[in-house]
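Working through the structure, step by step
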Amino acid sequence: MTHKLSKITLALLSATSISTGNLAMAQANANDGASTTDQVEVVEVSGIRSSLTSALSEKRSSTNLVEVIEAEDIGKLPDQNLAEVLENITGIQITRTAGVGTGVQIRGSNSNNVLINGVETVGAGTGRGGISFEDVSASIIAGLEVTKAAEAKTIEGSVGGTVNLRTIRPLELNDTLINVRVQGEDSSLTTDGIQPRFSVAYGDNWDVDAGTFGFVISGSVTEQEATSFRPRVDRDGSLVENCNAVVVRGDNVEDVANRPVCQDFDFLDIQFLNQELENFEYDTTNISSTFEYAPNDNTKFYFDVVYTDQERRQDSTRVQGSGVSSVLNYNLPTAFETVNFGSLDGVELGSIQAAVRGTIEPNLAVDDDDPNLRFNSDTGARLTDTTLFRLGGEWQGDNLFVSAEISSSKSDTVNPNLSTQLNFINPNAPLDNLDENGNITASTSNDNSVPFIYDLTGGSLTFGINFDSPFAPSVDDLLNPNNVVLDQVDIGRDTTENKLDALRTDFTYFFDDFVINSVDFGYRFSKRESTFNDVSDRIGGFSRMVDSPNGSLFANLLVAGPSNFGDADGRELALRNFLIVDPDLSFEDPDFVISTLEAALIAHDSSPDLANLQPSAAAFFNIEEETHALYAQANFEFEYVMGNFGVRHIQTDVDSTGNTITSDGANLTTVSGDYNFTLPRLNIVATPHDDVVLRLGWGQDIRRPDFSDLNTSVSLITNVNASVNIGNPGLEPQEITTLDLAAEWYFAEAAVVSIGYFDKEISNLFVDQLSSAPVDGNGFRSTNPSCPGGGFFNPIAEGDDFLAPLGTTGICVDLQSKVNDSAKTSQTGWEMAVQYDLSSFEDELGWASGFGFIANYTIQEYSGGSIENESATRGTDIFNAINGIYDSNNFQKVTAVQGLLDFSENAYNITTYYEKYGLSARFRYTWREAFRTDDTAAGASRNSTLGFPVYTHDRGQLNASINYDVTEQLNVGLEAVNLTKEGITQSCVNEGALLCFEGLADRRITFGISYTY
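Presented here is an overview of the structure given in this document. Computed from a prediction, not measured in an experiment: that's the story for all the values here.

With respect to the state of the cysteines
Per the stated rule, a full pass over the model turns up three disulfides. One disulfide in the model links cysteine 243 with cysteine 262; its S-S distance is 2.1 Å. A torsion of 110 degrees about the S-S bond marks the disulfide between cysteine 243 and cysteine 262 as right-handed. Of this pair, cysteine 243 sits in the loop between β11 (239-240) and β12 (248-249) while cysteine 262 sits in the loop between β13 (252-253) and β14 (267-268), and the two are 19 residues apart along the sequence.

Shown next, in the form of structure tokens:
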């Protein structure tokens, strides 16, 4: 019988050498002596309905629990971004950076494996998850599968699931493939116009005397710009105690006269204002190519190459109102709200009043240079080259199937950075510590006072300059280069090199007329290496005018910052007029920018601080890991029951090398360790009725620590408010035991109703542990190198006049590290899905038979764990004040078990589509419930969030697409992401408690044409 494999069907076939499809072919050959080509007829179809039908068929026939998404056409998955594609699957939620999907949580876990054609990939950073989803264009992917219930042959290392991205296989082509797609994308919040996208695919195979040769190549070049606005208001350190409170810090009793705006109630004022425009520009090149050769029906060789070149450029800005807390006791807010902090671990935290409207006026008698205004330009990039090679072959004998392959995944990343901070010198406010002639002295600060106004009502964080104040600068003042000075320049060129080489052999032996119809067994060796070099330097952090060159000396570098901060939600109150160092110039010609700034420094000071870009011995690490894995798996089938059971045994050796810094310098130190695990796995599938499938899966897995969490080195910066992260080479792998139960009813063609239950038990969970550096009665941290009260001594941390006096170098700072939770955690959930279309009612419904829908819902719970978060120093005073305690000697810290971050208990997707008469349209609404996270605006630390992760509120998003087949070859289309421009809202401590951060996202529209020959 002659096959008719369409160009869409070919793209849906798995590339994994030990995939179900290949084993099915092998067994068919063993039993019947005929190729798959003589047994199966594939009907040529394309579009949404065909992709759903094919994916459902693959899920239904699998012997373990998998989810499948397949391309609607060559290079056309349901979404442009792979993370957003995965969001279509039950049990998967995603996180976004500037509105673009970047993080994927499978059943609440970020700890998942990403494979390409069955080959484990490496990422750009020091994590374990594999290649970043934004680095791979959906246009080169034919389909993907998510394995939720592993088999013995499944590579270990996933908590939630394993994602396998599949590319086109040339020997499955029936016709020559030529496809070209041209698109453009426009974002509602960017100013650079339409960003182009181009993809092309070519493939064919040829029958010759020596056998059949096949070749396919696909590639894409994509430009994308994504922007979000992220206002932030910090309240740590903003407590104003009531007038009757006896406030004691250390041994000092505070004079109530020092808080003249106190009321008969405690309240929170403002500590810090930050207006961030987060902008990322992506230039992505992807190439995927496969060569296949089949000398006969029983033998095949293949060679895969995948190459990605990612340039992710950041040119974000931050405008900061700093030093605000210095006058918080002297500015009475005009409106308050009651903030209920809710409960943590069953303990009610209580309520307090918080300022929501008011002005922040300078008080020169209290502080002669605060609050001040700073302009930051964050210009950096991630330049990543990733390559994947896969060479292998397979052979089918009478009863034996053999496959072998070698693979290599490599990722080299450079992170160039040239970020600057300018301090605004307000001409309408005096400088401090001038001499009798009004000239600056060695003590004159390089900032001065600026008035602010804020309105935090209505669920929005809005603030700006109070232009009604006598201290207010004019717009011309704000844009005058003479009114800014250079405070600091951060330069960097960090490098990360990741490599994974693997060798695997897999065997299947088939039995005739036996309950166990085949046995799989194999061996995999892998060698993995991760090397990180911190190459950075900071010019300045000056704090004094004598060290800070005036903007007139580098005016050729200055440009007006973005002024469209109100475009997202129409806000009028914002910081719109300011100067920054040109981010485009900083990225394109950093040497010129640095030389210009250094010339300004030299002109200002004959012996300035100049750049000295050198690798940091303290932050270097190299980790090598070798793993041997053996597995054996029996596959069985008896009447209406089939499945598999087996074990996977792994043995891993790890060498972690870093520098130990002593008074004698840097000394390389290697910490070695090893571990082994035996992981049993079982999958049973029963079909009590032709339309009903019941599944049971049980198995064990491990998750190794990220490389950055194992390193023995430490990276230090001069910011006294930044915590120090130190790795823990003693971290043990997480151990996961998973139970899956599922029922699926295929009540019509391309239709299903399913429900599934899962239970995960995790031991040795990786959690963050924070050791806070305490402050004394003056609010300053210790300079004792032993840090007797906690924290970590940072020898280069510099005083900022808030946590340590100006001029101080070497201060105790907060310490953050990863530890294993000694208590087990449990995660359970239900996954429900329904898929149906009306195509079978064409005679009755006519045009309306083109409608269909997909819906899924996930509900999950998490419990257990023992590692606790505790309130930060500048959060402890707030929680104690609520309970009437104002003496720091009697303070009690608030603690709570951390649990699992980025975990939503409820989530759902609803998709409605229409496909008929060449028209294809889709609307998808995705919603996830609130979750706790450390992903905050401008990288705010746990200090700013009172010591606890923040809560990201419930969020929904509507995406849509429409395509029309002008001819059989030509298609035009339009796609929209985040149609309603839904943003992100984050609260401190608990959902709906203290509003801390916002993320105002853009709407992206993509339009284009596609031609297939």
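Next comes the rest of the description.
A few points about the environment of phenylalanine 133
Along the chain, phenylalanine 133 turns up in the loop between β5 (119-120) and β6 (143-147). It is 6.2 Å that separates the C-alpha atoms of phenylalanine 133 and threonine 102, two residues lying 31 residues apart in sequence. Leave out the neighbours within four places in its chain, and phenylalanine 133 touches Leu82, Ala83, Leu86, Thr102, Val104, Val114 and Val163.

Thoughts on the pairing of strand β16 (residues 299-322)
By the bridge criterion, 20 bridges tie strand β15 (residues 272-296) to β16 in an arrangement that is antiparallel. Residue pairing for β16: threonine 284 is matched across the bridge by glutamine 310. Here β15 folds back onto β16 in antiparallel fashion, the turn holding two residues. Note that β16 and strand β21 (residues 372-396) share 24 bridges and pair antiparallel. Following the sheet pairing, aspartate 309 is matched in β21 by aspartate 385.

Focus: the sheet that holds strand β35 (residues 724-726)
Judged by pairing direction, the sheet is mixed, and its three strands sit side by side in the order β35-β41-β38 without closing on themselves. Since the sheet does not close on itself, it has two edges, and those belong to β35 and β38 (766-771), each with one partner. Geometrically, the sheet is characterised by an average inter-axis angle of 30 degrees between neighbouring strands, direction not taken into account. Bridge count between β38 and strand β41 (residues 815-820): six bridges; the pairing is antiparallel. Bridged to valine 767 within β41 is valine 819.

With respect to the pattern of salt bridges
Here the structure, examined in full by the defined rule, presents 56 salt bridges. A salt bridge links glutamate 185 to arginine 1004; the shortest N-O distance between them is 3.8 Å. One end of the pair, glutamate 185, is in strand β8 (residues 177-187); the other, arginine 1004, is in strand β54 (residues 1004-1012), with 819 residues separating them in the sequence. In this pair, the class of glutamate 185 matches that of arginine 1004, namely buried. With a shortest N-O distance of 3.9 Å, aspartate 315 and arginine 313 are connected by a salt bridge.

Quick look at a negative patch on the surface
Side chains of Glu624, Glu626, Asp653, Asp655 and Asp674 sit close together on the surface and give a patch of like negative charge. Elements supplying a minimum of two residues to the negative patch: β31 (621-638) and β32 (641-662). Relative to the helices and strands, glutamate 626 resides in strand β31.

Conventions adopted
- Residues numbered from 1 in each chain as written.
- Predicted model: local features only at pLDDT ≥ 70, side-chain atom pairs only at ≥ 80, totals over all residues.
- Heavy atoms only, no water.
- Disulfide = S-S within 2.5 Å.
- Helix = DSSP H or I, 4+ residues; strand = E, 2+ residues; numbered from the N terminus.
- Contact = heavy atoms within 4.5 Å.
- Pairing = 2+ DSSP bridges.
- Axes fitted to C-alpha atoms, helices over the stretch in contact; angles between N-to-C directions.
- Salt bridge = Lys/Arg side-chain N within 4 Å of Asp/Glu carboxyl O.
- Buried < 20%, exposed > 50% of the residue type's maximum accessible area, 1.4 Å probe, protein only.
- Patch = residues over 30% accessible without salt bridge, like charges linked within 9 Å, V, L, I, M, F, W, Y side chains within 5 Å.
- Areas by Shrake-Rupley, 256 points an atom, 1.4 Å probe, with all protein chains shown as cover.
- Lys, Arg positive; Asp, Glu negative; His and termini not counted.
- Charge placed at Lys NZ, Arg CZ, Asp CG, Glu CD.

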